[in-house]
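Next come the chains, spelled out residue by residue.
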Amino acid sequence: DAGVIQSPRHEVTEMGQEVTLRCKPISGHDYLFWYRQTMMRGLELLIYFNNNVPIDDSGMPEDRFSAKMPNASFSTLKIQPSEPRDSAVYFCASSLGGYNSPLHFGNGTRLTVT
Amino acid sequence: AQSVSQHNHHVILSEAASLELGCNYSYGGTVNLFWYVQYPGQHLQLLLKYFSGDPLVKGIKGFEAEFIKSKFSFNLRKPSVQWSDTAEYFCAVRNYGGSQGNLIFGKGTKLSVKP
């Protein structure tokens, strides 16, 4: 079991550029989550999917953020245009089944927007 | 709205000292409670969870947590810490029967254990 795989591990970009973060969940898991971690706000849920369908995107900060899950093994989180305040660690997590199941997190992508 | 408070931002202990990390939540109904741990450079992983039954929950690596409903608390404990316990610890809460997306995390407590 390879675990949840995120890429890239680190991303440094300039303000205004488009940023795409990628996630491969654990095979067979039917829930996928995107979290953002900052010192000020801690871990915040941005959006989550069930069977590739977005269920709740109320945590997405604004229209500059979008997420897709075209199939069960891949998801992207896109920021366009990026801003310095988007600098954070972005985690992807997956789980199998309903609320009894723990989340399995990826190693995160550390995004720096200058 | 639910919230989770972890009162200690950074705790520094010597090896063999006892550990207690505080976690309080605000929610009037039945809850599921979790502790996750993030070792340096690694991903978050589940340490232990409480759903129902015995309020004293045992987790991996000698950790335990006690759910005290009257105090809305779920403190994490370990009788004797090791240097390898250096990590960041996150408490999380979800309303009972709530969806996976309703999991609310605290801001985390960083634990540094001096050898």
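Residues numbered from 1 in each chain as written. Chains lettered and ligands numbered in written order. Predicted model: local features only at pLDDT ≥ 70, side-chain atom pairs only at ≥ 80, totals over all residues. Heavy atoms only, no water.

## Things to note about the pattern of salt bridges
The tally for this structure, following the rule as stated, stands at twelve salt bridges over all chains. Here Arg85(A) makes a salt bridge to Glu62(A), at a shortest N to O gap of 3.2 Å. Note that Arg85(A) is positioned in the loop between strand E8 (74-79) and strand E9 (88-95) and Glu62(A) in the loop between strand E6 (53-56) and strand E7 (65-71), a separation of 23 residues in sequence. Glu64(B) is paired through a salt bridge with Lys58(B); the nearest N and O atoms lie 2.8 Å apart. In this structure Glu64(B) comes out as buried when scored by relative accessible area, which is 17%. The exposure class assigned to Lys58(B) is exposed, which follows from its relative accessible area of 62%. Connected through salt bridges with shared partners, the residues Glu62(A), Arg64(A), Glu83(A), Arg85(A) and Asp86(A) form a single ionic network. (Salt bridge = Lys/Arg side-chain N within 4 Å of Asp/Glu carboxyl O. Helix = DSSP H or I, 4+ residues; strand = E, 2+ residues; numbered from the N terminus. Buried < 20%, exposed > 50% of the residue type's maximum accessible area, 1.4 Å probe, protein only.)

## Some details on the pairing of strand E10 (residues 87-95) of chain B
Residues and elements named next belong to chain B. Where burial is concerned, most of E10 is hidden: nine out of the nine residues are buried. Side chains Ala87, Tyr89, Cys91, Val93 and Asn95 of E10 all project onto a buried face; the interleaved residues Glu88, Phe90, Ala92 and Arg94 project onto the opposite face, where all are buried too. Sheet topology places E10 next to strand E11 (residues 104-105); two bridges connect them, and they run antiparallel. Considered in E11, the bridge of Val93 is made with Ile104. (Pairing = 2+ DSSP bridges.)

## Observations concerning the interface of chain B and chain A
With 22 residues of chain B at the interface, the matching set in chain A holds 24 residues. Summing both partners gives a buried area of about 1,800 Å² for chain B against chain A, and 56% of it is carried by carbon and sulfur. Taken together, the connections running from chain B to chain A amount to zero salt bridges. Split by residue class, the side of chain B that touches chain A holds eight nonpolar, eleven polar and three charged. (Contact = heavy atoms within 4.5 Å. Buried area = accessible area lost by both parts, 1.4 Å probe. Nonpolar A, V, L, I, M, F, W, Y, C, P; charged D, E, K, R; others polar.)

## Notes on the sheet that holds strand E3 (residues 19-24) of chain A
Within a sheet, adjacent strands bond to each other through the backbone by hydrogen bonds, running parallel or antiparallel. Residue and element names in this part refer to chain A. Strand order in the open sheet formed by four strands is E1-E3-E8-E7, and the pairing between neighbours is antiparallel. Each end of this open sheet is capped by a strand with a single partner; those strands are strand E1 (5-7) and E7. Taken pair by pair, the neighbouring strands of this sheet meet at an average axis angle of 15°, ignoring direction. Strand direction decides the pairing type here: E3 and E8, joined by five bridges, are antiparallel. The residue bridging Val19 from the neighbouring strand is Ile79, located in E8. (Axes fitted to C-alpha atoms, helices over the stretch in contact; angles between N-to-C directions.)

Without other data, these values stay purely geometric and don't point to any function.
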